[in-house]
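The chain contents come next:
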Amino acid sequence: MAWSIAQVARMSKVTSRTLRHYDEIGLLPPAWIGSNGHRYYEEADLLRLQQILLMRELDLGLREIHAVLDSQLDQVAVLREHHQRLLAERDRLETLARTVGRTIAELEESEGKARMTKINKPENLFEGFQPPSEAEAEVRERWPQVWEQSRQAVEAMTAEDTERRQREVTAQMIRMAEFMVAGTPVSDPAVQAEVDANYQGICRFWTPTAEAYKGVGQTYVDDPQMRADFDKIADGLAVYQRDAMTVYADTRLSRV
């Protein structure tokens, strides 16, 4: 069974213009084109469109989506990781909402009284707040000035800046995973060009020395959450990224 582009647009709520654009960039070509010039899509194409829309909801750009769908990367693993993050963030926000709700109730109850009502479980005040990661804690301890500089830079970012930065990081991780899956050495110029993009991205917030940049790469491996973020895109990616950053630091930053 096949559906016309108009039917697909109506079902998916994606405009025909967008579907034609997906065809032009090779992301979602139709199954066939009729003698009337109309595009027709089959079930496999609808499933691919669903995956595209899912990844768009997860803030992946079209280039990254194309790479995930057409490369050897495990599509299910990538989507499962993003799904787990969404569920975890949903649960955290629900907990945080309950925490704020309790605080509001206690403040309202204490209005007009000399002091705030005694809190039976003080630990409840902090439910839902995220503790810093091991990597973040290490940066704060070893490079306090760097931490403050980075914190100020992050606070100055707009929502659009943050979204763009997240997409850039995701795209870099996917491209590095493609290099790793293809067996490309970490010293390869193409890999090192990608690492340079990573380094320049970090330099928006602070400028790491060779030693510090190697330390950042090592935290990708040592910090459980960060390692999971890399390895759930492609197993072994954290180590591959760390090794590529080490080569970059030794060949590019040690001379600075």
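Heads up: these notes are all about the structure in this document. Within each chain, residues carry numbers counting from 1 in the order of the written sequence. Local features in this predicted model are restricted to residues whose pLDDT is 70 or higher, and side-chain atom pairs enter the listing and the counts only when it is 80 or higher, whereas totals over whole chains, interfaces and linings include all residues. Derived side-chain values reflect all non-hydrogen atoms in the structure, with water molecules and hydrogen atoms excluded from consideration.

We now examine the overall build of the protein chain. Secondary structure elements follow DSSP: runs of H or I no shorter than four residues count as helices, runs of E no shorter than two count as strands, and numbering proceeds from the N terminus. When its secondary structure is counted, the protein chain shows 12 helices and 3 strands. For the protein chain, the proportion of its 256 residues judged to be buried stands at 36%. A 1.4 Å probe and the Shrake-Rupley method give the accessible areas. Residues count as covered only by the protein chains that appear here. Accessible surface, the protein chain as shown: approximately 15,500 Å² in total, 53% of it carbon and sulfur. Only protein chains enter the accessibility calculation, which uses a 1.4 Å probe; a residue whose area is less than 20% of its type maximum is buried, one above 50% is exposed, and one in between is partly exposed.

Moving on, we get to the packing of helix α10 (residues 210–222) against helix α12 (residues 237–253). Geometry is summarised by axes, namely lines fitted to C-alpha atoms with helices restricted to the contacting stretch, and by angles between N-to-C directions that run from 0 to 180 degrees. For the pair α10 and α12, the least separation of the axes is 8 Å and the interaxial angle reads 175°. In terms of their interaxial angle, α10 and α12 are classed as roughly antiparallel. Residues A210, Y213, K214, V216, G217, Q218, Y220 and V221 of α10 form the contact with α12, whose participating residues are A238, V239, Q241, R242, M245, T246, Y248, A249, D250 and L253. Residue classes follow a fixed rule: Ala, Val, Leu, Ile, Met, Phe, Trp, Tyr, Cys and Pro count as nonpolar, while Asp, Glu, Lys and Arg count as charged, and any other residue, Gly among them, counts as polar. Residue classes in the contact of α10 with α12 are distributed as 11 nonpolar, 4 polar and 3 charged. Orientation categories follow fixed angle ranges, with anything under 35 degrees roughly parallel, anything over 145 roughly antiparallel, 65 to 115 roughly perpendicular, and all other angles oblique. We call two residues contacting when some pair of their heavy atoms lies within 4.5 Å.

Any two strands with at least two DSSP bridges between them are considered paired. Taking strand neighbours across the sheet as the criterion, the 3 strands line up as β1-β3-β2 in an open arrangement whose pairing is antiparallel. Each end of this open sheet is capped by a strand with a single partner; those strands are β1 (2–4) and β2 (32–33).

Let's shift gears to the packing of helix α9 (residues 189–202) against α12. Relative orientation and spacing of two packed helices are given, respectively, by the angle between their axes and the distance between those axes. Put simply, α9 and α12 touch, their axes get as near as 9 Å, and they point 85° apart. With respect to α12, the axis of α9 lies roughly perpendicular. Mapping the contact onto sequence places V191, Q192, V195, D196, N198, Y199 and Q200 in α9 and Y240, Q241, A244, M245, V247, Y248, T251, R252 and L253 in α12. For the contact of α9 with α12, the residue count by class is 9 nonpolar, 5 polar and 2 charged.

Turning to its location among the elements, A210 is positioned in helix α10. C-alpha separation for the pair A210 and M245, spaced 35 residues apart in sequence, amounts to 9.4 Å. Contacts of A210, omitting those with residues within four sequence positions, involve A249, L253 and S254.

What follows covers the pattern of salt bridges. The salt bridge definition used is simple: a Lys or Arg side-chain nitrogen within 4 Å of an Asp or Glu carboxyl oxygen. If you walk through the whole model with that rule in mind, you get 6 salt bridges. R252 is the salt-bridge partner of D196, the closest N and O atoms lying 3.4 Å from each other. One end of the pair, D196, is in helix α9; the other, R252, is in helix α12, and 56 residues separate them in sequence. Residues D231 and R227 are paired through a salt bridge, measuring 3.3 Å at the closest nitrogen-oxygen approach. Here R227 and D231 lie together in helix α11 (residues 224–231), a separation of 4 residues that amounts to about one turn.

Take the side chain of E194 next. Following the sequence through the fold, E194 ends up in helix α9. Looking at E194, the relative accessible area reads 11%, which means it is buried. Setting aside anything within four residues of it in sequence, one finds E194 in contact with Q172, R175, M176 and F179.

Before going further, it helps to spend a moment on the nonpolar core. If you look at the biggest cluster of nonpolar residues, it comprises 28 residues, and the most contacted ones within it are M176, V195, Y213, L237, Y240 and L253. Going through the elements one at a time, α8 (159–181), α9, α10 and α12 are the ones with two or more residues in this core. The element best represented in this core is α12, accounting for 8 residues. Ignoring any residue separated from it by four or fewer positions in sequence, one finds L253 in contact with Y199, P208, T209, A210, Y213 and Y248. In this text, buried Ala, Val, Leu, Ile, Met, Phe, Trp, Tyr and Cys residues form a nonpolar core when linked through side-chain atoms within 4.5 Å. V8, V14, L19 and A67 belong to the second largest nonpolar core, which has 19 residues in total.

Moving on, we come to unusual backbone geometry. The phi torsion at K13 lies on the positive side, around 65°, for a residue other than glycine. Its place among the elements puts K13 in the loop between α1 (5–12) and α2 (16–24). Accessibility expressed as a relative area gives 75% for K13, which makes it exposed.

For any pair of aromatic rings, geometry is given as the distance between the ring centres together with the angle between the planes. A pair of Phe, Tyr and Trp rings is counted when the ring centres sit within 6.5 Å of each other, with Trp represented by its six-membered ring. The angle between the planes then sorts it: under 30 degrees is stacked, over 60 is edge-to-face, the rest tilted. Applying the stated rule across the entire model yields 5 aromatic pairs. Seen from their ring centres, Y213 and Y248 are 5.7 Å apart, and the 65° between their planes marks the pair as edge-to-face. Linking Y213 in helix α10 with Y248 in helix α12, this pair joins segments that are 35 residues apart in sequence. Note on Y213: relative accessible area 0%, which makes it buried. Relative to F230, the ring of Y220 lies with its centre 4.8 Å away and its plane at 35°, an arrangement referred to as tilted. Here F230 lies in helix α11 and Y220 lies in helix α10, a separation of 10 residues in the sequence.

Coordinates in, geometry out; function isn't part of it.
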